Amino acid sequence: GYIAVDGTSLTVCEVNRDQGWFNLMLISHTQQCVVLPTRRVGDLVNLEADAVGKYVGSLVGTQIIDRIDVLEQQVKQSRIFAAVTALVLAAVVVKSFRK
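Calculation rules
- Residues numbered from 1 in each chain as written.
- Predicted model: local features only at pLDDT ≥ 70, side-chain atom pairs only at ≥ 80, totals over all residues.
- Heavy atoms only, no water.
- Pairing = 2+ DSSP bridges.
- Helix = DSSP H or I, 4+ residues; strand = E, 2+ residues; numbered from the N terminus.
- Axes fitted to C-alpha atoms, helices over the stretch in contact; angles between N-to-C directions.
- Buried < 20%, exposed > 50% of the residue type's maximum accessible area, 1.4 Å probe, protein only.
- Core = buried A, V, L, I, M, F, W, Y, C linked by side-chain atoms within 4.5 Å.
- Contact = heavy atoms within 4.5 Å.
- Salt bridge = Lys/Arg side-chain N within 4 Å of Asp/Glu carboxyl O.

Student: Would you mind going over the sheet that holds strand S1 (residues 2-5) with me for this structure?
Tutor: In a beta sheet, neighbouring strands are held together by backbone hydrogen bonds and run either parallel or antiparallel to one another. Read across the sheet, four strands follow the order S3-S2-S1-S4 without closing on themselves; strand pairing throughout is antiparallel. At either end of the open sheet lies a strand with only one pairing partner, and these are strand S3 (21-24) and strand S4 (47-49). Strand after strand, the sheet turns through a mean of 45° between neighbouring axes, direction not considered. As paired elements, strand S2 (residues 8-16) and S3 share four bridges and run antiparallel to each other. In the strand pairing of S3, asparagine 16 is matched with tryptophan 21.

Student: In this structure, what is going on with the side chain of threonine 8? I would like to understand it.
Tutor: Structurally, threonine 8 is set in strand S2. Residue threonine 8 is classed as buried on the basis of its relative accessible area, which comes to 10%.

Student: Mind showing me how you'd approach the nonpolar core here?
Tutor: Ranked by size, the top nonpolar core spans five residues in total: Ile3, Val5, Leu10, Leu26 and Leu36. Setting aside its immediate chain neighbours within four residues, isoleucine 3 contacts Thr8, Ser9, Leu10, Val12, Phe22, Leu24, Leu47 and Glu48.

Student: I keep staring at the pattern of salt bridges and nothing clicks. Help me out?
Tutor: Side chains that differ in sign of charge can pair as their charged atoms come close. Applying the stated rule across the entire model yields one salt bridge. We note a salt bridge from arginine 39 to aspartate 6, for which the minimum N-O separation is 2.8 Å. Here the residue arginine 39 occupies a position in the loop between helix H1 (28-33) and S4, and aspartate 6 occupies one in the loop between S1 and S2, the gap between them amounting to 33 residues. The exposure class of aspartate 6 is partly exposed, given its relative accessible area of 21%.

Structure representation (structure tokens):
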């Protein structure tokens, strides 16, 4: 996603959620055309986050994790079913040899 800092839309390069910071990169042309390079560390700026990025983030945080949990449970159940089926087939084969 992107973030707009003082009206300049920028691509985020790195995010550290634990420490509460992010890095972004400015190409030379952008640095010459916007006010952002004049800001110093600690200056107050206006931040706007990508609305689509926020939406995707909310999906990742809930719906996708829930779906992964469901899929993992289905895989577990499939493995159990396969194991039981293999045991039943083995018992049938053994029983047919004993006849």
